Amino acid sequence: MLRTDNCYPLVPESSIQESLIASFKEGVTPSLQYHRNTELLADLALKILDRIKRNANPEHILTIVHSLIKNQDYRLVADYLYARRTNKKEILNIFERLIATDNPIEINRIRYQLAFARFLSAVPCPGKANISIVSHLDDVFSESLQGTAVYLIDSSMALPLIALLHDVGVELGIFIEQQYNFPGLNALIRQGVVRTWVLPDGKAIVSKRDNPQKPGRFRKEQFNYKAILSRMERNTTLLLEKAIKKKDILLKIAQPFAYIWDGCSRRNYALSIQSDGISLEDLLMKERDQAMRFDYLTHCRLILDTLYESGILWGDMSPRNILVQQTAQTISYHIFDFEKTQVMDEPISIEKRREHCRGQICVEEFGIICTPEEMQKCFHGYFNPKEWDFESGEALRFPQRPEVADILKGRGIHDVTLGKYNQTDWDMMNARIPDIDPLTGERRFPGHLNFKVEHYLSCAGYQNAGDYERKTTEILIAAKQYDCYNTIVVLLTEATDIIESAFLKTEFDYILDNKSTEWVIPPKQPIRILTHTIDVFYRSRKDKKTFQNLSSRWRSAMIEEEELQNGRI
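Anyway, here's the lowdown on the structure attached to this text.

Looking only at helices and strands, the chain has 20 helices and 16 strands in total. Taking 2.2 N^0.38 as the reference for a compact globule, 569 residues should give roughly 25 Å; the C-alpha atoms of the chain span a radius of gyration of 25 Å, in line with that estimate. Projected onto the principal axes, the alpha-carbon positions of the chain cover approximately 75 × 70 × 55 Å. Here the chain, with 569 residues, has 53% of them falling under the buried criterion. Taking all contacts inside the chain whose residues are at least 6 apart in sequence as the whole, residues at least 24 apart take part in 67%. Taken as a whole, the chain presents about 26500 Å² of accessible surface, with 50% of it coming from carbon and sulfur. Separation between the mean location of the 73 positive side-chain charges and that of the 77 negative ones in the chain comes to 2 Å.

Structure representation (C-alpha coordinates):
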(Lines give C-alpha, C1' and ligand atoms only; values in the text may rest on other atoms or scores of the structure.)
Protein backbone atom coordinates (compact mmCIF):
# COMPACT_ATOMS: atom_id res chain seq x y z
CA MET A 1 0.00 0.00 0.00
CA LEU A 2 1.21 3.52 -0.82
CA ARG A 3 0.14 6.95 0.41
CA THR A 4 -0.91 9.06 -2.59
CA ASP A 5 -3.02 11.95 -1.21
CA ASN A 6 -4.56 13.30 1.97
CA CYS A 7 -8.12 12.14 1.35
CA TYR A 8 -7.28 8.54 0.53
CA PRO A 9 -3.97 7.91 2.27
CA LEU A 10 -3.58 4.26 1.33
CA VAL A 11 -3.90 2.98 -2.22
CA PRO A 12 -3.26 -0.63 -3.32
CA GLU A 13 -0.08 -1.05 -5.29
CA SER A 14 -2.08 -2.76 -8.03
CA SER A 15 -4.08 0.45 -8.53
CA ILE A 16 -0.90 2.47 -8.84
CA GLN A 17 0.45 -0.05 -11.33
CA GLU A 18 -2.75 0.29 -13.38
CA SER A 19 -2.45 4.08 -13.31
CA LEU A 20 1.13 3.84 -14.60
CA ILE A 21 0.03 1.51 -17.39
CA ALA A 22 -2.68 4.02 -18.30
CA SER A 23 -0.07 6.78 -18.46
CA PHE A 24 2.09 4.66 -20.76
CA LYS A 25 -0.87 4.19 -23.10
CA GLU A 26 -1.78 7.89 -23.04
CA GLY A 27 1.76 9.15 -23.37
CA VAL A 28 3.81 10.40 -26.27
CA THR A 29 6.76 8.16 -25.41
CA PRO A 30 8.36 7.51 -28.79
CA SER A 31 10.19 4.35 -27.74
CA LEU A 32 6.95 2.57 -26.84
CA GLN A 33 4.75 3.53 -29.75
CA TYR A 34 5.81 0.34 -31.55
CA HIS A 35 5.87 -1.93 -28.49
CA ARG A 36 2.84 -1.15 -26.35
CA ASN A 37 1.96 -4.66 -25.29
CA THR A 38 0.33 -4.78 -21.87
CA GLU A 39 2.81 -7.23 -20.35
CA LEU A 40 5.74 -4.92 -21.18
CA LEU A 41 3.94 -1.91 -19.71
CA ALA A 42 3.02 -3.87 -16.58
CA ASP A 43 6.65 -4.93 -16.05
CA LEU A 44 7.92 -1.37 -16.52
CA ALA A 45 5.29 -0.14 -14.07
CA LEU A 46 6.45 -2.70 -11.50
CA LYS A 47 10.06 -1.57 -11.88
CA ILE A 48 8.98 2.01 -11.23
CA LEU A 49 6.74 1.02 -8.32
CA ASP A 50 9.55 -0.94 -6.69
CA ARG A 51 11.79 2.15 -6.68
CA ILE A 52 9.01 4.48 -5.51
CA LYS A 53 8.31 2.31 -2.47
CA ARG A 54 11.80 3.05 -1.21
CA ASN A 55 11.12 6.79 -0.93
CA ALA A 56 9.44 8.82 1.79
CA ASN A 57 7.34 11.02 -0.49
CA PRO A 58 5.74 8.70 -3.05
CA GLU A 59 2.82 10.98 -3.99
CA HIS A 60 5.12 13.75 -5.26
CA ILE A 61 7.32 11.25 -7.05
CA LEU A 62 4.30 9.74 -8.79
CA THR A 63 3.22 13.17 -10.02
CA ILE A 64 6.59 13.67 -11.71
CA VAL A 65 6.70 10.11 -13.02
CA HIS A 66 3.25 10.39 -14.64
CA SER A 67 4.22 13.72 -16.21
CA LEU A 68 7.45 12.33 -17.67
CA ILE A 69 5.70 9.29 -19.12
CA LYS A 70 2.83 11.25 -20.63
CA ASN A 71 4.69 14.29 -21.94
CA GLN A 72 8.36 13.36 -22.36
CA ASP A 73 10.11 9.98 -22.60
CA TYR A 74 9.52 7.13 -20.15
CA ARG A 75 13.28 6.50 -19.99
CA LEU A 76 13.62 9.84 -18.20
CA VAL A 77 11.77 8.19 -15.32
CA ALA A 78 14.70 5.85 -14.84
CA ASP A 79 17.10 8.81 -14.78
CA TYR A 80 14.84 10.60 -12.31
CA LEU A 81 14.57 7.60 -9.96
CA TYR A 82 18.35 7.13 -10.03
CA ALA A 83 18.81 10.80 -9.12
CA ARG A 84 16.43 10.34 -6.18
CA ARG A 85 18.19 7.19 -5.02
CA THR A 86 21.59 8.92 -5.09
CA ASN A 87 20.19 12.25 -3.82
CA LYS A 88 21.39 14.27 -6.84
CA LYS A 89 19.64 17.47 -5.79
CA GLU A 90 20.79 19.50 -8.79
CA ILE A 91 19.35 16.93 -11.20
CA LEU A 92 16.13 16.64 -9.18
CA ASN A 93 15.68 20.41 -9.41
CA ILE A 94 16.08 20.23 -13.18
CA PHE A 95 13.34 17.59 -13.33
CA GLU A 96 11.06 19.87 -11.29
CA ARG A 97 11.60 22.65 -13.85
CA LEU A 98 11.03 20.24 -16.72
CA ILE A 99 7.52 19.24 -15.69
CA ALA A 100 6.63 22.84 -14.80
CA THR A 101 6.85 24.13 -18.38
CA ASP A 102 4.99 23.37 -21.58
CA ASN A 103 7.18 25.53 -23.84
CA PRO A 104 8.77 23.14 -26.40
CA ILE A 105 11.99 25.14 -26.77
CA GLU A 106 12.39 25.49 -23.01
CA ILE A 107 11.68 21.78 -22.57
CA ASN A 108 14.51 20.91 -24.94
CA ARG A 109 16.90 23.30 -23.24
CA ILE A 110 16.10 21.68 -19.90
CA ARG A 111 16.54 18.25 -21.52
CA TYR A 112 20.07 19.30 -22.49
CA GLN A 113 20.74 20.43 -18.93
CA LEU A 114 19.64 16.99 -17.72
CA ALA A 115 21.89 15.24 -20.21
CA PHE A 116 24.83 17.44 -19.27
CA ALA A 117 24.26 16.93 -15.54
CA ARG A 118 24.18 13.16 -16.12
CA PHE A 119 27.39 13.48 -18.14
CA LEU A 120 29.12 15.39 -15.31
CA SER A 121 28.19 12.63 -12.87
CA ALA A 122 30.26 10.28 -15.05
CA VAL A 123 33.00 12.77 -16.02
CA PRO A 124 33.23 15.43 -13.28
CA CYS A 125 36.18 17.26 -14.87
CA PRO A 126 36.28 16.80 -18.65
CA GLY A 127 39.50 18.02 -20.17
CA LYS A 128 39.45 20.96 -22.56
CA ALA A 129 39.01 19.93 -26.18
CA ASN A 130 41.41 20.95 -28.93
CA ILE A 131 38.82 21.90 -31.57
CA SER A 132 39.73 22.24 -35.25
CA ILE A 133 37.28 23.48 -37.87
CA VAL A 134 38.48 21.70 -41.00
CA SER A 135 37.92 22.74 -44.62
CA HIS A 136 37.47 19.36 -46.27
CA LEU A 137 35.29 16.35 -45.52
CA ASP A 138 38.34 14.11 -45.94
CA ASP A 139 39.91 15.73 -42.89
CA VAL A 140 37.39 14.26 -40.42
CA PHE A 141 38.31 10.79 -41.65
CA SER A 142 42.01 11.26 -41.06
CA GLU A 143 42.63 9.23 -37.92
CA SER A 144 46.02 10.84 -37.51
CA LEU A 145 44.28 14.01 -36.28
CA GLN A 146 44.45 14.75 -32.58
CA GLY A 147 41.64 16.40 -30.65
CA THR A 148 38.23 17.17 -32.17
CA ALA A 149 37.86 17.91 -35.88
CA VAL A 150 34.63 19.48 -37.18
CA TYR A 151 33.53 19.77 -40.79
CA LEU A 152 30.58 22.19 -40.70
CA ILE A 153 27.98 22.24 -43.48
CA ASP A 154 25.45 24.62 -41.91
CA SER A 155 27.13 27.69 -40.41
CA SER A 156 23.95 28.58 -38.48
CA MET A 157 24.63 25.55 -36.27
CA ALA A 158 28.15 26.67 -35.34
CA LEU A 159 27.33 28.43 -32.05
CA PRO A 160 25.31 25.65 -30.36
CA LEU A 161 27.74 23.00 -31.62
CA ILE A 162 30.81 24.83 -30.34
CA ALA A 163 28.98 25.44 -27.03
CA LEU A 164 28.46 21.67 -26.74
CA LEU A 165 32.10 20.91 -27.49
CA HIS A 166 33.26 23.42 -24.89
CA ASP A 167 30.87 21.86 -22.35
CA VAL A 168 31.92 18.23 -22.85
CA GLY A 169 35.59 18.86 -23.68
CA VAL A 170 37.53 15.83 -24.83
CA GLU A 171 34.75 13.43 -23.78
CA LEU A 172 32.29 14.03 -26.62
CA GLY A 173 32.04 10.28 -27.22
CA ILE A 174 30.95 9.61 -23.64
CA PHE A 175 28.32 12.35 -23.83
CA ILE A 176 26.81 11.03 -27.06
CA GLU A 177 26.84 7.38 -26.00
CA GLN A 178 24.86 8.34 -22.87
CA GLN A 179 21.95 9.57 -25.01
CA TYR A 180 18.88 7.51 -25.81
CA ASN A 181 18.63 5.16 -28.78
CA PHE A 182 16.55 6.50 -31.63
CA PRO A 183 13.08 4.90 -31.48
CA GLY A 184 12.08 2.63 -34.31
CA LEU A 185 10.17 -0.47 -35.35
CA ASN A 186 12.85 -2.53 -33.59
CA ALA A 187 13.55 -1.99 -29.90
CA LEU A 188 17.15 -1.00 -30.51
CA ILE A 189 18.45 0.46 -33.77
CA ARG A 190 21.93 -0.92 -34.44
CA GLN A 191 22.80 -0.99 -30.75
CA GLY A 192 23.37 2.72 -30.23
CA VAL A 193 24.64 3.68 -33.67
CA VAL A 194 21.75 6.15 -34.04
CA ARG A 195 20.79 8.34 -31.07
CA THR A 196 18.52 11.31 -30.46
CA TRP A 197 19.38 14.26 -28.19
CA VAL A 198 19.47 18.08 -27.97
CA LEU A 199 22.08 20.81 -28.25
CA PRO A 200 22.51 23.53 -25.58
CA ASP A 201 20.14 25.88 -27.45
CA GLY A 202 17.40 23.24 -27.43
CA LYS A 203 17.74 22.16 -31.06
CA ALA A 204 16.77 18.48 -31.35
CA ILE A 205 19.26 16.44 -33.38
CA VAL A 206 20.07 12.88 -34.40
CA SER A 207 23.62 11.53 -34.28
CA LYS A 208 24.92 8.60 -36.29
CA ARG A 209 28.32 7.07 -35.67
CA ASP A 210 30.53 4.81 -37.67
CA ASN A 211 29.54 1.16 -37.25
CA PRO A 212 32.70 -0.97 -36.88
CA GLN A 213 30.71 -4.04 -38.00
CA LYS A 214 30.21 -2.38 -41.40
CA PRO A 215 33.63 -0.88 -42.21
CA GLY A 216 33.70 1.78 -44.88
CA ARG A 217 29.94 2.29 -45.16
CA PHE A 218 29.73 5.37 -42.95
CA ARG A 219 32.48 7.15 -44.87
CA LYS A 220 30.95 6.22 -48.22
CA GLU A 221 27.57 7.56 -47.11
CA GLN A 222 28.96 10.99 -46.24
CA PHE A 223 30.68 11.35 -49.60
CA ASN A 224 27.49 10.14 -51.28
CA TYR A 225 25.63 13.09 -49.76
CA LYS A 226 28.19 15.38 -51.36
CA ALA A 227 27.89 13.65 -54.75
CA ILE A 228 24.07 13.64 -54.66
CA LEU A 229 23.89 17.34 -53.93
CA SER A 230 26.38 17.99 -56.71
CA ARG A 231 24.01 16.23 -59.14
CA MET A 232 21.20 18.43 -57.84
CA GLU A 233 23.22 21.61 -58.23
CA ARG A 234 23.70 21.81 -54.45
CA ASN A 235 19.98 22.29 -53.79
CA THR A 236 18.89 20.41 -50.69
CA THR A 237 15.25 20.99 -51.68
CA LEU A 238 13.68 20.26 -55.07
CA LEU A 239 10.17 21.05 -56.25
CA LEU A 240 9.02 17.76 -57.75
CA GLU A 241 5.54 18.84 -58.68
CA LYS A 242 3.77 22.20 -58.65
CA ALA A 243 0.21 21.50 -57.63
CA ILE A 244 -2.81 23.39 -58.89
CA LYS A 245 -5.49 22.03 -56.58
CA LYS A 246 -3.48 19.83 -54.24
CA LYS A 247 -0.16 20.43 -52.47
CA ASP A 248 3.30 21.14 -53.86
CA ILE A 249 5.52 18.06 -53.67
CA LEU A 250 9.02 18.73 -52.32
CA LEU A 251 12.04 16.45 -52.13
CA LYS A 252 14.58 17.28 -49.43
CA ILE A 253 17.99 15.69 -49.01
CA ALA A 254 18.41 15.36 -45.24
CA GLN A 255 22.15 16.03 -45.24
CA PRO A 256 23.89 16.21 -41.83
CA PHE A 257 24.81 19.72 -40.73
CA ALA A 258 28.18 18.64 -39.30
CA TYR A 259 30.69 15.79 -39.28
CA ILE A 260 32.96 15.23 -36.31
CA TRP A 261 36.08 13.22 -35.63
CA ASP A 262 36.40 12.62 -31.89
CA GLY A 263 40.07 11.95 -31.27
CA CYS A 264 39.51 10.68 -27.73
CA SER A 265 37.00 7.93 -28.55
CA ARG A 266 38.48 7.49 -32.07
CA ARG A 267 34.99 7.69 -33.60
CA ASN A 268 33.29 9.57 -36.41
CA TYR A 269 29.86 11.14 -35.96
CA ALA A 270 27.38 12.74 -38.36
CA LEU A 271 24.92 15.19 -36.77
CA SER A 272 21.55 16.00 -38.36
CA ILE A 273 18.66 18.21 -37.32
CA GLN A 274 15.78 16.02 -36.18
CA SER A 275 12.75 16.36 -38.43
CA ASP A 276 9.22 16.61 -37.06
CA GLY A 277 8.00 14.41 -39.88
CA ILE A 278 6.48 10.94 -39.76
CA SER A 279 8.23 8.08 -41.49
CA LEU A 280 6.55 6.86 -44.65
CA GLU A 281 6.71 3.38 -43.12
CA ASP A 282 4.48 4.51 -40.25
CA LEU A 283 2.10 6.29 -42.62
CA LEU A 284 1.69 3.27 -44.89
CA MET A 285 1.27 0.90 -41.95
CA LYS A 286 -1.52 3.03 -40.45
CA GLU A 287 -3.22 4.71 -43.42
CA ARG A 288 -6.32 2.89 -44.71
CA ASP A 289 -7.64 5.48 -47.14
CA GLN A 290 -6.77 4.11 -50.59
CA ALA A 291 -6.62 7.55 -52.20
CA MET A 292 -4.09 8.78 -49.61
CA ARG A 293 -2.01 5.62 -49.98
CA PHE A 294 -2.02 6.03 -53.75
CA ASP A 295 -0.84 9.64 -53.38
CA TYR A 296 2.08 8.64 -51.13
CA LEU A 297 3.16 5.86 -53.49
CA THR A 298 2.79 8.09 -56.56
CA HIS A 299 5.10 10.57 -54.86
CA CYS A 300 7.57 7.75 -54.15
CA ARG A 301 7.64 6.92 -57.84
CA LEU A 302 8.23 10.60 -58.58
CA ILE A 303 11.15 10.64 -56.14
CA LEU A 304 12.59 7.46 -57.64
CA ASP A 305 12.39 8.74 -61.22
CA THR A 306 13.89 12.10 -60.21
CA LEU A 307 16.86 10.33 -58.67
CA TYR A 308 17.22 8.03 -61.66
CA GLU A 309 17.26 10.99 -64.05
CA SER A 310 19.98 12.56 -61.87
CA GLY A 311 22.12 9.42 -62.15
CA ILE A 312 21.40 8.27 -58.57
CA LEU A 313 20.74 4.63 -57.64
CA TRP A 314 19.39 4.95 -54.11
CA GLY A 315 20.33 1.51 -52.80
CA ASP A 316 18.86 2.27 -49.37
CA MET A 317 15.45 3.39 -50.65
CA SER A 318 12.98 2.28 -48.00
CA PRO A 319 9.80 3.72 -46.46
CA ARG A 320 11.65 3.95 -43.13
CA ASN A 321 14.27 6.21 -44.76
CA ILE A 322 11.68 8.75 -45.89
CA LEU A 323 10.21 11.29 -43.46
CA VAL A 324 7.02 13.05 -44.50
CA GLN A 325 6.13 16.59 -43.40
CA GLN A 326 2.82 18.13 -44.41
CA THR A 327 1.49 21.67 -44.31
CA ALA A 328 -1.57 23.25 -45.89
CA GLN A 329 0.46 24.03 -49.02
CA THR A 330 3.16 21.32 -49.27
CA ILE A 331 4.14 17.72 -48.70
CA SER A 332 7.89 17.43 -48.10
CA TYR A 333 9.74 14.12 -48.35
CA HIS A 334 13.03 14.11 -46.42
CA ILE A 335 15.25 11.26 -47.62
CA PHE A 336 18.35 9.93 -45.88
CA ASP A 337 20.61 6.87 -45.52
CA PHE A 338 22.84 6.55 -48.57
CA GLU A 339 25.32 3.87 -47.48
CA LYS A 340 24.55 1.60 -50.47
CA THR A 341 23.90 4.34 -53.01
CA GLN A 342 25.71 4.68 -56.34
CA VAL A 343 26.05 8.01 -58.16
CA MET A 344 26.57 7.84 -61.93
CA ASP A 345 27.63 10.44 -64.49
CA GLU A 346 24.45 10.04 -66.55
CA PRO A 347 20.77 9.10 -66.10
CA ILE A 348 20.15 5.52 -65.04
CA SER A 349 19.23 3.24 -67.94
CA ILE A 350 15.88 1.39 -68.03
CA GLU A 351 17.70 -1.93 -67.62
CA LYS A 352 19.52 -0.68 -64.52
CA ARG A 353 16.26 0.71 -63.10
CA ARG A 354 14.62 -2.70 -63.43
CA GLU A 355 17.60 -4.39 -61.80
CA HIS A 356 17.48 -1.85 -59.00
CA CYS A 357 13.78 -2.45 -58.32
CA ARG A 358 14.26 -6.22 -58.35
CA GLY A 359 16.80 -5.68 -55.60
CA GLN A 360 15.91 -4.65 -52.04
CA ILE A 361 13.35 -1.97 -52.87
CA CYS A 362 10.29 -3.85 -54.03
CA VAL A 363 10.21 -7.19 -52.22
CA GLU A 364 12.26 -6.40 -49.11
CA GLU A 365 11.14 -2.84 -48.40
CA PHE A 366 7.88 -1.63 -49.97
CA GLY A 367 6.60 -5.14 -50.64
CA ILE A 368 6.19 -6.00 -46.98
CA ILE A 369 3.90 -3.06 -46.18
CA CYS A 370 2.08 -2.60 -49.52
CA THR A 371 -0.29 -4.87 -51.41
CA PRO A 372 0.80 -6.48 -54.70
CA GLU A 373 -1.71 -4.23 -56.48
CA GLU A 374 -0.14 -1.12 -54.96
CA MET A 375 3.32 -2.33 -55.93
CA GLN A 376 2.13 -2.91 -59.49
CA LYS A 377 0.83 0.68 -59.76
CA CYS A 378 3.78 2.35 -58.04
CA PHE A 379 6.60 0.53 -59.81
CA HIS A 380 4.97 -0.21 -63.19
CA GLY A 381 7.56 -0.54 -65.92
CA TYR A 382 10.26 -1.48 -63.42
CA PHE A 383 8.70 -4.28 -61.36
CA ASN A 384 5.95 -6.56 -62.68
CA PRO A 385 5.88 -10.04 -61.07
CA LYS A 386 2.86 -11.01 -63.20
CA GLU A 387 5.19 -11.09 -66.21
CA TRP A 388 7.82 -13.30 -64.59
CA ASP A 389 8.59 -16.55 -66.38
CA PHE A 390 8.75 -19.44 -63.90
CA GLU A 391 9.77 -22.06 -66.47
CA SER A 392 12.64 -20.28 -68.21
CA GLY A 393 15.92 -22.14 -68.40
CA GLU A 394 17.82 -18.97 -69.34
CA ALA A 395 20.73 -17.75 -67.27
CA LEU A 396 20.10 -14.75 -65.04
CA ARG A 397 20.59 -11.39 -66.71
CA PHE A 398 20.85 -9.45 -63.44
CA PRO A 399 22.62 -9.86 -60.07
CA GLN A 400 20.92 -12.07 -57.50
CA ARG A 401 19.44 -10.35 -54.50
CA PRO A 402 21.35 -11.67 -51.44
CA GLU A 403 18.17 -12.94 -49.73
CA VAL A 404 17.16 -14.97 -52.79
CA ALA A 405 20.72 -16.22 -53.30
CA ASP A 406 20.80 -17.44 -49.67
CA ILE A 407 17.56 -19.38 -50.11
CA LEU A 408 18.76 -21.00 -53.34
CA LYS A 409 22.12 -21.87 -51.81
CA GLY A 410 20.40 -23.32 -48.73
CA ARG A 411 18.34 -25.54 -51.04
CA GLY A 412 21.50 -26.73 -52.77
CA ILE A 413 20.67 -24.98 -56.06
CA HIS A 414 23.86 -23.68 -57.66
CA ASP A 415 22.83 -23.68 -61.33
CA VAL A 416 20.39 -20.78 -61.03
CA THR A 417 18.14 -20.26 -64.02
CA LEU A 418 15.80 -17.32 -64.53
CA GLY A 419 12.80 -19.58 -63.90
CA LYS A 420 14.12 -20.94 -60.59
CA TYR A 421 15.06 -17.46 -59.44
CA ASN A 422 11.66 -16.00 -60.37
CA GLN A 423 9.76 -18.80 -58.63
CA THR A 424 11.82 -18.43 -55.44
CA ASP A 425 11.43 -14.65 -55.43
CA TRP A 426 7.68 -15.03 -55.99
CA ASP A 427 7.35 -17.51 -53.10
CA MET A 428 9.31 -15.18 -50.80
CA MET A 429 7.19 -12.18 -51.75
CA ASN A 430 3.95 -14.12 -51.33
CA ALA A 431 5.03 -15.27 -47.86
CA ARG A 432 5.77 -11.72 -46.69
CA ILE A 433 2.94 -9.57 -48.03
CA PRO A 434 0.63 -7.82 -45.52
CA ASP A 435 -2.50 -9.69 -44.52
CA ILE A 436 -5.39 -9.51 -42.07
CA ASP A 437 -5.22 -11.12 -38.63
CA PRO A 438 -8.19 -13.55 -38.64
CA LEU A 439 -8.80 -13.02 -34.90
CA THR A 440 -8.58 -9.23 -34.61
CA GLY A 441 -9.39 -8.16 -38.15
CA GLU A 442 -6.41 -5.81 -38.03
CA ARG A 443 -3.78 -5.50 -40.72
CA ARG A 444 -0.46 -7.17 -39.92
CA PHE A 445 2.96 -7.27 -41.52
CA PRO A 446 4.60 -10.74 -41.44
CA GLY A 447 7.46 -9.49 -43.62
CA HIS A 448 8.89 -7.64 -40.63
CA LEU A 449 9.61 -10.96 -38.92
CA ASN A 450 12.65 -11.69 -41.10
CA PHE A 451 14.17 -8.31 -40.35
CA LYS A 452 13.50 -8.65 -36.63
CA VAL A 453 15.07 -12.12 -36.45
CA GLU A 454 18.25 -11.00 -38.20
CA HIS A 455 18.41 -7.73 -36.25
CA TYR A 456 18.01 -9.15 -32.76
CA LEU A 457 20.32 -12.10 -33.33
CA SER A 458 22.93 -9.69 -34.70
CA CYS A 459 22.53 -7.57 -31.55
CA ALA A 460 23.08 -10.76 -29.58
CA GLY A 461 26.35 -11.41 -31.41
CA TYR A 462 25.15 -14.33 -33.55
CA GLN A 463 27.52 -14.68 -36.48
CA ASN A 464 24.87 -16.70 -38.34
CA ALA A 465 22.02 -14.22 -37.84
CA GLY A 466 21.51 -14.03 -41.61
CA ASP A 467 21.12 -17.80 -41.76
CA TYR A 468 18.27 -17.63 -39.25
CA GLU A 469 16.65 -14.96 -41.40
CA ARG A 470 16.85 -17.43 -44.30
CA LYS A 471 15.32 -20.20 -42.18
CA THR A 472 12.50 -17.86 -41.14
CA THR A 473 11.68 -17.19 -44.78
CA GLU A 474 11.64 -20.92 -45.56
CA ILE A 475 9.30 -21.52 -42.62
CA LEU A 476 6.88 -18.83 -43.81
CA ILE A 477 6.92 -20.26 -47.34
CA ALA A 478 6.19 -23.77 -46.02
CA ALA A 479 3.43 -22.49 -43.73
CA LYS A 480 1.78 -20.76 -46.68
CA GLN A 481 1.86 -23.98 -48.70
CA TYR A 482 0.66 -26.18 -45.82
CA ASP A 483 -2.28 -23.99 -44.74
CA CYS A 484 -0.96 -23.19 -41.25
CA TYR A 485 0.38 -19.72 -42.02
CA ASN A 486 -1.55 -17.88 -39.30
CA THR A 487 -0.25 -20.15 -36.52
CA ILE A 488 3.35 -19.72 -37.64
CA VAL A 489 3.04 -15.93 -37.93
CA VAL A 490 1.48 -15.71 -34.45
CA LEU A 491 4.16 -17.98 -33.00
CA LEU A 492 7.11 -16.06 -34.48
CA THR A 493 5.50 -12.71 -33.66
CA GLU A 494 5.11 -13.67 -30.01
CA ALA A 495 8.71 -14.92 -29.88
CA THR A 496 10.10 -11.68 -31.31
CA ASP A 497 7.76 -9.56 -29.15
CA ILE A 498 9.21 -11.20 -26.04
CA ILE A 499 12.74 -10.33 -27.18
CA GLU A 500 11.75 -6.73 -27.95
CA SER A 501 10.19 -6.33 -24.52
CA ALA A 502 13.24 -7.86 -22.87
CA PHE A 503 15.55 -5.44 -24.68
CA LEU A 504 13.48 -2.43 -23.61
CA LYS A 505 13.27 -3.63 -20.00
CA THR A 506 17.02 -4.26 -19.93
CA GLU A 507 17.69 -0.78 -21.31
CA PHE A 508 15.42 0.69 -18.60
CA ASP A 509 17.29 -1.28 -15.92
CA TYR A 510 20.61 0.05 -17.21
CA ILE A 511 19.39 3.64 -16.92
CA LEU A 512 17.96 2.95 -13.46
CA ASP A 513 21.45 1.89 -12.36
CA ASN A 514 23.24 4.63 -14.34
CA LYS A 515 24.92 2.12 -16.63
CA SER A 516 25.91 2.92 -20.19
CA THR A 517 23.39 1.87 -22.84
CA GLU A 518 26.05 1.89 -25.54
CA TRP A 519 25.79 -1.90 -25.70
CA VAL A 520 22.74 -3.45 -24.07
CA ILE A 521 23.39 -7.11 -23.23
CA PRO A 522 20.61 -9.07 -24.94
CA PRO A 523 18.25 -11.43 -23.10
CA LYS A 524 19.63 -14.95 -23.56
CA GLN A 525 16.60 -17.09 -22.74
CA PRO A 526 14.10 -15.42 -25.13
CA ILE A 527 16.69 -15.55 -27.91
CA ARG A 528 17.34 -19.25 -27.26
CA ILE A 529 13.60 -19.89 -27.45
CA LEU A 530 13.39 -18.06 -30.78
CA THR A 531 16.35 -19.88 -32.36
CA HIS A 532 15.09 -23.26 -31.07
CA THR A 533 11.63 -22.61 -32.51
CA ILE A 534 13.07 -21.64 -35.88
CA ASP A 535 15.38 -24.67 -35.93
CA VAL A 536 12.57 -27.12 -35.09
CA PHE A 537 10.19 -25.85 -37.77
CA TYR A 538 12.96 -25.48 -40.34
CA ARG A 539 13.97 -29.15 -39.94
CA SER A 540 10.38 -30.27 -40.52
CA ARG A 541 9.59 -27.93 -43.43
CA LYS A 542 9.90 -30.58 -46.18
CA ASP A 543 7.29 -32.91 -44.69
CA LYS A 544 3.79 -31.45 -44.83
CA LYS A 545 2.23 -33.77 -42.24
CA THR A 546 5.06 -33.34 -39.72
CA PHE A 547 5.02 -29.56 -40.18
CA GLN A 548 1.25 -29.35 -39.74
CA ASN A 549 1.25 -31.61 -36.66
CA LEU A 550 4.04 -29.59 -35.10
CA SER A 551 2.16 -26.38 -35.84
CA SER A 552 -1.04 -27.78 -34.33
CA ARG A 553 0.71 -28.92 -31.13
CA TRP A 554 2.45 -25.59 -30.77
CA ARG A 555 -0.81 -23.72 -31.26
CA SER A 556 -2.57 -25.88 -28.66
CA ALA A 557 0.18 -25.12 -26.17
CA MET A 558 -0.17 -21.40 -26.89
CA ILE A 559 -3.96 -21.51 -26.36
CA GLU A 560 -3.53 -23.41 -23.10
CA GLU A 561 -1.00 -20.84 -21.88
CA GLU A 562 -3.41 -18.01 -22.76
CA GLU A 563 -6.24 -19.71 -20.85
CA LEU A 564 -4.01 -20.24 -17.84
CA GLN A 565 -3.07 -16.57 -17.82
CA ASN A 566 -6.71 -15.54 -18.15
CA GLY A 567 -7.76 -17.86 -15.33
CA ARG A 568 -10.06 -20.03 -17.45
CA ILE A 569 -8.31 -23.30 -16.53
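A word on the environment of Glu 355. As for its position among the elements, Glu 355 is in helix H12 (residues 350-365). Distance in space between the C-alpha atoms of Glu 355 and Arg 397 is 9.1 Å, their sequence separation being 42 residues.

Taken in spatial order, the 7 strands of this open sheet run S1-S2-S8-S9-S5-S4-S3, and their pairing is mixed. One side of each edge strand has no neighbouring strand; the edge strands of this open sheet are strand S1 (131-133) and strand S3 (180-181). Two strands pair when backbone bridges link them, and S3 and strand S4 (residues 194-198) are joined in this way by 2 bridges, in the antiparallel orientation. Looking across to S4, one finds that Tyr 180 is bridged to Thr 196.

What follows deals with the environment of Lys 203. The residue Lys 203 is located in the loop between S4 and strand S5 (204-209) in this model. Residues Lys 203 and Asp 73, 130 residues apart in the sequence, show an inter-C-alpha distance of 17 Å.

Among the 6 residues that make up strand S7 (residues 248-253), 5 are buried, leaving the element largely enclosed by the rest of the structure. Here strand S6 (residues 237-241) pairs with S7 via 4 bridges, running antiparallel. The residue bridging Glu 241 from the neighbouring strand is Ile 249, located in S7. The sheet contact formed by S7 and strand S13 (residues 330-335) spans 6 bridges and is parallel. Considered in S13, the bridge of Ile 249 is made with Ile 331.

The rules behind each value
Residues numbered from 1 in each chain as written. Predicted model: local features only at pLDDT ≥ 70, side-chain atom pairs only at ≥ 80, totals over all residues. Heavy atoms only, no water. Helix = DSSP H or I, 4+ residues; strand = E, 2+ residues; numbered from the N terminus. Rg over C-alpha atoms; globule rule 2.2 N^0.38 Å. Buried < 20%, exposed > 50% of the residue type's maximum accessible area, 1.4 Å probe, protein only. Contact = heavy atoms within 4.5 Å. Areas by Shrake-Rupley, 256 points an atom, 1.4 Å probe, with all protein chains shown as cover. Lys, Arg positive; Asp, Glu negative; His and termini not counted. Charge placed at Lys NZ, Arg CZ, Asp CG, Glu CD. Pairing = 2+ DSSP bridges.

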